[in-house]
Amino acid sequence: MSGRRARGPLQRVQRRSRELQAQVEALRAESAAAAPGQRKALSQRCMQLKKLVDENTNALHDLKKADEPAPVGNYNQRKEEEEKLLLKLSQQLQKLVIVLDQDNVTTNYAADEEHQKNPQTEDESGEENESEDEESSEEEDSEEADDDDEDKLLDDPNVKECIAVGNFNAQQEGDLTFMKGEVLLIHDKKADGWWVAENSKGERGLVPRTYLVVHNEDKENQEQSGEHIEVVDETADGTEIKKRTDSHWSAVRRAITENDTVEVLATIGAVPAGFRLSTLFQLLEEGNQFRASYFLQPELTPSQLAFKDLVWNSEKNTIYPRPTRVSQIVTLCSCKMIPLPGVSIQVLSRHVRLCLFDGNRVLSNIHTVRATWQPKNPQTWTFSPRVTGILPSLLDGDCFVRSNSLYSDIGILFELGITYIRNSTGERGELSCGWAFLKLFTSDGMPVPCKMYELLLSGGTPYERGVEVDPSISRRAGGGVFHQFITLKKQPVLVVKLRSLSAQSKDILNLLPETLIGSMCYIHLLIFYRQILGDALLKDRISMQSTDLICSPILATFPQLMDQPDLMDALRRDREFLKSLFVLVYHDSVFPLLHSTFLPDYKWAEEESEASRWKVIADFLKKSRENDGALQYLLSSENTHKAFDISELAYDFLGEARENNPGV
């Protein structure tokens, strides 16, 4: 495994710098909320961490371009950037040591004042205290040296067995609960201090490093005799495990804990080493927060008394257009040189998921576009730039992107993915084949130009840096300029185009919610929905203070279509006809299907389910056309429907409306 992921000297230093940066950030956060009794220990950890930063800086200074196994572009610039980062970390640690030492001085000063109140007692026991201080200082020095050795041994990647020094209850899904004295097998030692471990029952999960020591039978016998029990308990109980509140951490944590699946596939040669579990797919599985149906709902103001993104224009008898900071059309053109999976897995879907991203958080819904490919050229994925007729909207490469976020680093995150099934076990999964990030604004705040972009794909997750999709390409490269050029041509890329908007396109996009990504082929349906929403919430309501339920099947159910693109296709029939009869078409097309018992549940990338669903949809649409509507279908004894629920007709706008979120 390690040979397959070999790195050059500069890459190893860069990776170590990122690990140190994560440790520094964690230490600063822990120091901000530390109790007075923990300051001394934190100061010692700070000094140890500064020593590691200095060692990495010295290693960086000793690097030479000639030592690299493969050509590295902008070598000197990358080296300078690493030096700046390490200098910044060293300065942060130095300031933190000063702050922590000042707190220790304050504590010692208070103790000195207490001693001065009893000078006679202090003089009588002066000699005894001096001898005790000397002994205790020697013991502390030896203990610190032992602790340093233990920390180094614990962090050694070759040391796999550890023993728990305290009880730990899982904080979140993916954590592993363990008891004091339990022996754990460590599979992956992450830099953030949360390691992937396995207990004796074969259960896996994340465990905190601070609760572990190296499993040593001799030392275990000493602890049973009572020598170190008090110290161990103090370490286990006194260490505060920092709560993780990032809304995206659960998806990232799952990608970490379940990464063994990818490791197995990479080991048998089924996928390249840079593939990972899909981060965006994990976020979609977490709930509705990143689905288009959530962002399609009107957003309330902070007072909860009005709508932020839905305002009525009484002069034009329609809703006001809402210009946004980001309002663009992005066209997915193609993906080139995408590595092929091995024969041991069957690919069910190739697709690209895209969303707005600031380098840390997802700021919009996650939109999916399915790719097509030819057997003669399976490494190239293509998309349909224009969708007409019955061609599924899932293949539409033209996407609108809207957001009013003020983040300076906002951009579009593209994640290439495959849905697969293992031939041997029947296991299904979703893998990321690489990702790319297109920043939408320059450093001075100006929008990036509208043109064609070839984005090099990175491996790993969007939260990892320096990972290649297929490291074997770089390892096979020679040292010459020609070989470097050939290697660059073999790297996987995503080709996208930012299109400039006409005045008419801007007016159309401005009728949509402030934050949304979707397909251009059904944008007119979204505008119809928004206009009907404005009529119901703003125009036709007797009182703006009324909280009565609104009888409207369209408003109650239409957002669900955003997550079921085949039903959206059923609604996309005749654009001119829909302009005047949108409500009637809705009632005669998708509304009866939503509650039909013959329609299987929507399942992503399952060919049999998709085929059976479309058969039911096609049969219903045919009968609806023959009978001039869906009434006969609804009244027929041959057709059955799910039990009636008031939510099918009543639109609860207070319950469905999104609460104001200043981060989006």
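Now for a quick tour of the structure. (Residues numbered from 1 in each chain as written. Predicted model: local features only at pLDDT ≥ 70, side-chain atom pairs only at ≥ 80, totals over all residues. Heavy atoms only, no water.)

**Comments concerning the overall build of the protein chain**
Part 1: Scanning the protein chain from terminus to terminus reveals 22 helices and 21 strands.
Part 2: The buried share of the protein chain, reckoned over its 664 residues, is 44%.
Part 3: Once local pairs closer than 6 in sequence are excluded, the contacts in the protein chain between residues at least 24 apart make up 72%.
Part 4: With an accessible surface of roughly 35200 Å², the protein chain has 50% of that area assigned to carbon and sulfur atoms. (Helix = DSSP H or I, 4+ residues; strand = E, 2+ residues; numbered from the N terminus. Buried < 20%, exposed > 50% of the residue type's maximum accessible area, 1.4 Å probe, protein only. Contact = heavy atoms within 4.5 Å. Areas by Shrake-Rupley, 256 points an atom, 1.4 Å probe, with all protein chains shown as cover.)

**Considerations on the environment of Val24**
Part 1: One can find Val24 in helix α1 (residues 9-32).
Part 2: Between the C-alpha atom of Val24 and that of Ser90, which follows or precedes it by 66 residues, the distance is 9.4 Å.
Part 3: Residues contacting Val24, with those up to four places away along its chain left out, are Leu49, Leu89, Gln92 and Leu93.

**Looking at the packing of aromatic side chains**
Part 1: What the rule picks out here adds up to ten aromatic pairs.
Part 2: Note on Phe558 and Tyr586: the rings are 6.4 Å apart at their centroids and 45° apart in plane angle, and the pair reads as tilted. Within this pair, whereas Phe558 is found in the loop between α16 (553-557) and α17 (565-571), its partner Tyr586 is found in helix α18 (residues 575-588), the two being separated by 28 residues in sequence. Side by side, Phe558 and Tyr586 carry an identical accessibility label, which is buried.
Part 3: An aromatic cluster of three or more residues is present, and its members are Phe168, Phe178, Trp194 and Tyr211.
Part 4: The aromatic ring of Trp604 is capped on one face by Arg370, whose charged end is 5.0 Å from the ring centroid. (Phe/Tyr/Trp six-rings, centres within 6.5 Å; stacked < 30°, edge-to-face > 60°. Lys NZ or Arg CZ within 6 Å of the ring centre and 35° of its normal.)

**What to know about helix α20 (residues 607-626)**
Part 1: Given a rise of 1.5 Å per residue, 20 residues ought to cover 28 Å, and the 29 Å separating the end C-alpha atoms of α20 matches this to within 8%.
Part 2: For α20, the set of buried residues is Ser609, Arg613, Val616, Ile617, Phe620, Leu621 and Ser624. The buried side chains of α20 occupy one side of the element, clustering within an arc of 130° when seen end-on. Away from its buried face, by an angle of more than 90 degrees, α20 presents the exposed residues Glu607, Glu608, Lys615, Arg625 and Glu626.
Part 3: Asp628, located one to two residues past α20, shows a positive phi value of around 55°. (Expected span 1.5 Å × (residues − 1). Arc of directions from axis to C-beta.)

**Re the sheet that holds strand β6 (residues 276-277)**
Part 1: Strands sit in the order β6-β16-β15-β10-β11 across an open sheet of five strands; the sheet is antiparallel. Of all strands in the sheet, those bounded by a partner on one side alone are β6 and β11 (367-370).
Part 2: Note: strand β10 (residues 345-357) against strand β15 (residues 411-422), twelve bridges, orientation antiparallel. Residue pairing across strands places Leu354 opposite Phe414, the latter belonging to β15. (Pairing = 2+ DSSP bridges.)

**A look at the environment of Val330**
Part 1: With respect to the helices and strands, the residue Val330 is situated in strand β9 (residues 326-336).
Part 2: The class of Val330 is buried, set by a relative accessible area of 1%.
Part 3: For Val330, the contacting residues outside a window of four places in its chain are Gly397, Asp398, Cys399, Val401, Ile412, Phe414, Val496, Lys497 and Leu498.

**Quick word on the pattern of salt bridges**
Part 1: Following the criterion strictly, the structure yields 15 salt bridges and no others.
Part 2: Salt-bridge contacts for Glu430 lead to Arg353; the nearest nitrogen and oxygen are separated by 2.8 Å. Taken together, the residues Glu430 in strand β16 (residues 428-439) and Arg353 in strand β10 connect sequence positions 77 residues apart.
Part 3: For Arg353, a relative accessible area of 3% gives the class buried.
Part 4: Glu427 is the partner of Arg422 in a salt bridge, and the nearest nitrogen-oxygen pair spans 3.8 Å. (Salt bridge = Lys/Arg side-chain N within 4 Å of Asp/Glu carboxyl O.)

**Structural notes on the nonpolar core**
Part 1: Core analysis: the biggest nonpolar cluster contains 55 residues, and Leu526, Leu537, Phe558, Tyr586 and Tyr651 have the highest contact counts within it.
Part 2: Looking at this core, the elements that each hand over two or more residues are α11 (292-295), α15 (523-539), α16, α17, α18, α19 (590-594) and α20.
Part 3: Of all the elements, α15 adds the most residues to this core, at ten residues.
Part 4: Setting aside anything within four residues of it in sequence, one finds Leu526 in contact with Leu296, Phe400, Leu512, Leu516, Phe558 and Met562. (Core = buried A, V, L, I, M, F, W, Y, C linked by side-chain atoms within 4.5 Å.)

**Let's talk about the side chain of His351**
Part 1: Mapped onto the elements, His351 comes out in strand β10.
Part 2: We classify His351 as buried; its relative accessible area is 0%.
Part 3: Of the polar contacts made by the side chain of His351, one reaches the side chain of Ser349; its length is 2.9 Å.
Part 4: Residues in contact with His351, not counting those within four places in the same chain, are Thr368, Val369, Arg370, Ala371, Trp381, Glu415, Leu416, Gly417, Ile418, Thr419, Glu430 and Trp604. (Polar contact = N/O pair within 3.5 Å; in protein donor to acceptor, adjacent residues only side chain to side chain.)

**Describing the pairing of β16**
Part 1: Judged by how many residues are buried, β16 sits mostly within the fold: nine of twelve residues are covered.
Part 2: The pairing of β6 with β16 spans two bridges and is antiparallel. Bridge pairing in β16 places Arg276 opposite Ser432.
Part 3: Inspection of the sheet shows β15 paired to β16 by eleven bridges, in the antiparallel sense. Across the sheet, residue Leu413 finds its bridge partner in β16, namely Phe437.
Part 4: Turn length for the β15-β16 hairpin, with the two strands adjacent in sequence and antiparallel, is five residues, and the turn residue Gly426 shows positive phi of about 75°.

**Concerning the packing of α1 against helix α2 (residues 39-61)**
Part 1: At a minimum axis distance of 10 Å, the contact between α1 and α2 shows a crossing angle of 160°. Considering their axes alone, α1 and α2 lie roughly antiparallel with respect to each other. Our pair here, α1 against α2, has a crossing hand that is left-handed. Here Leu10, Val13, Arg16, Ser17, Leu20, Gln23, Val24, Leu27, Glu30 and Ser31 of α1 lie close against α2, whose contacting residues are Arg39, Leu42, Arg45, Cys46, Leu49, Leu52, Val53, Asn56 and Leu60.
Part 2: Considering only residue class, the contact of α1 with α2 consists of eleven nonpolar, four polar and four charged. (Axes fitted to C-alpha atoms, helices over the stretch in contact; angles between N-to-C directions. Parallel < 35°, antiparallel > 145°, perpendicular 65-115°, else oblique. Left-handed = near helix turned anticlockwise from the far one by under 90°. Nonpolar A, V, L, I, M, F, W, Y, C, P; charged D, E, K, R; others polar.)

**Regarding the environment of Leu296**
Part 1: With respect to the element layout, Leu296 can be found in the loop between α11 and β7 (312-313).
Part 2: Look at Leu296 and you get buried, because its relative accessible area is 0%.
Part 3: Leu296 sits 221 residues away from Ile517 along the chain, and the two C-alpha atoms are 10.0 Å apart.
Part 4: The contact partners of Leu296, leaving out residues within four places of it in the chain, are Pro513, Leu516, Leu526, Tyr529, Phe558, Pro559 and Met562.

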